[in-house]
Amino acid sequence: MRNLICLSLLLSGICFAGQLPAEEPFRTDENGDEKLAWYQVEPHKFPPAGSAHYFTGELIEMDHVHRAGMLRVSRTDKQRRHNWDTPINFRMLPYGSLTYHGAPAALRDIPIGTHLHGWFYVKDKDEEIPKVYFNRQSIEKDFSQAYRLVDDFSYYDEQKRLFQVESVDLMTMKLTLRGVETETDKRDDATIEIDLTPATRVYLGKQFGALEDIQPGQKVLFNLTWATLYGVGRCTDLWLDDESRELARQQQLAQHRLHLKYRGIPGWIDEVDNQKRIVTVTLFGGVDPHLLEDFRPNTSVTGVVAEPTLQTYDQVNDRKSGPLLSIQEIELAPGSSGRQVRFQPQLLLEGYRPGRIIRLFPGGWPVITIPQDETLWPERG
């Protein structure tokens, strides 16, 4: 149980990262009021800040096309042994986002076995929860709608937090670390111990390192797997310096930009003026802000109808373009980019309706055929 307590201390830093306290009469992680119900997400409405429920788990199954998967929930002191290691099914909300190596990501970018920090909302009221492993269920079974998922690297990177190597023992393959706040250099009182393996990937500068390159005093970031099964977890990746961490961020950022430029930036339709053919769209968050700079007034924009999974039908043929009339900043909310655009397609498609999902391509972005298995056409047979 000592390892579970250590992990709880490790994860307790900012369970509400990037969220302000909620003011609505519903239960939150912060108020802990069990007499209140958790917030239930509503169609075409971003949730209040601070309303999501935080817990961690390991990605053990994914369906990247439908942005869904399964997490094996980490052990905590709130669980009984009967609940240990039971999974939950999840699906990303339309405005749900992922971060990997400190940059925006798609589910396909994250390897199976990665330990993730997540913020979730309760299932739809009519959604059934399957039982697994001799009819066992996780204590987090009701939280199937994922608002945000991030790996260990990203979680601590956002906290401006690193871990100083206290000792490394390659005989026992144990790495002892102490958390450090980078802005204040404040160090944790307690240390944590993670397992190294012969397969642990070590990054040093622009090259791969070796386990022998790990030295006391280094400030590192890591990704874990098998978290809480055997202690805090086994280290899959270890970044030994700022240069290696920055390279990881930039590589993932390039992957994210490429992914969206071929598929469009998602958002939902707020309003449609049928007489003037003007469509107003709020773009979702979790997008590199530099991509949003490509939306410029007096240029063109192309709209492609999508579903809540963010899948499109046939973006080359089912698209309509027209002038971008305006892009403005709006009130920021969880899941929103804070940007709203208005464009005037030459024809209003059936899917251009308030509340529906759309993907937008700024002028100059290529609208190309993507792999058919990512589209909705294969599901129509």
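Refer to the preceding data block for the structure.
Every chain's residues receive numbers from 1 upward, in the order its sequence appears when written. In keeping with the predicted nature of the model, local features appear solely for residues at pLDDT of at least 70, side-chain atom pairs appear and are counted solely at 80 or more, and the whole-chain, interface and lining totals rest on all residues. In computing side-chain values, all of the structure's heavy atoms are included and hydrogens and water are not.

Caption draft 1: Up close: the sheet that holds strand β17 (residues 319-329). With antiparallel pairing, 6 strands are arranged side by side around a closed barrel as β14-β15-β18-β17-β16-β19. The sheet shows a mean angle of 45° between the axes of neighbouring strands, taken without regard to direction. Where strand β14 (residues 265-273) meets strand β15 (residues 278-284), 6 bridges bridge the pair, whose relative direction is antiparallel. When the bridges of β15 are listed, V272 appears paired with V279. Here, residues are in contact when the closest pair of their heavy atoms is within 4.5 Å. Each axis is a line fitted through C-alpha atoms, and for a helix only the stretch in contact is used; angles between axes span 0 to 180 degrees, taken between their N-to-C directions. Only runs of H or I of at least four residues qualify as helices and only runs of E of at least two qualify as strands under DSSP, and these elements are numbered from the N terminus. Lying on the sheet, helix α3 (residues 242-263) is in contact with β14 and β19 (357-362); it crosses β19 at an angle near 105°. Here, a strand pair is defined by DSSP locating no fewer than two bridges between the strands.

Caption draft 2: Representation of the pairing of strand β12 (residues 219-225) within the structure. Only protein chains enter the accessibility calculation, which uses a 1.4 Å probe; a residue whose area is less than 20% of its type maximum is buried, one above 50% is exposed, and one in between is partly exposed. Most of β12 sits inside the fold, with 6 of its 7 residues counted as buried. By the bridge criterion, 2 bridges tie strand β7 (residues 161-169) to β12 in an arrangement that is antiparallel. The partner of F163 across the bridge, within β12, is V220.

Caption draft 3: Representation of the side chain of R75 in the model. Turning to its location among the elements, R75 is positioned in the loop between β2 (68-73) and β3 (87-100). With a relative accessible area of 14%, R75 lands in the buried category. In the analysis that follows, any N or O atom pair within 3.5 Å is treated as a polar contact, provided that within protein one partner can donate a hydrogen and the other can accept it, and provided that, for residues neighboring in sequence, both atoms belong to side chains. At a separation of 2.7 Å, a polar atom in the side chain of R75 contacts the side chain of D85.

Caption draft 4: Seen up close, empty space enclosed by the protein. Two kinds of site are reported from a 1 Å grid over the protein atoms alone, namely cavities, where a 1.4 Å probe fits but cannot get out, and pockets, open sets with protein on both sides within 12 Å along at least five of seven lines, and residues are called lining when an atom falls within 4 Å of a point. Grid points are joined across faces, edges and corners, and a volume is the space filled by probe spheres set on the points. Under the counting rule described, the total for this entry stands at 1 cavity of 30 Å³ or more. Together, 29 residues line the largest cavity, and R67, A106, H259, L310 and R359 are the ones closest to its centre. The set of elements that each furnish at least two residues to the lining of the largest cavity consists of β3 and α3. It is β3 that provides the largest number of residues to the lining of the largest cavity, a total of 5 residues.

Caption draft 5: A look at unusual backbone geometry. A positive phi angle, close to 50°, is found at R67, a residue other than glycine. If you trace the backbone, R67 turns up in the loop between β1 (53-63) and β2. Take R67: its relative accessible area is 14%, and that puts it in the buried class. Unlike most non-glycine residues, D185 shows phi in positive territory, near 65°. Residue position: D185 is located in the loop between β8 (174-181) and β9 (192-195). Assessed through its relative accessible area of 37%, D185 is described here as partly exposed.

Limitation: the analysis is restricted to geometry and does not speak to function.
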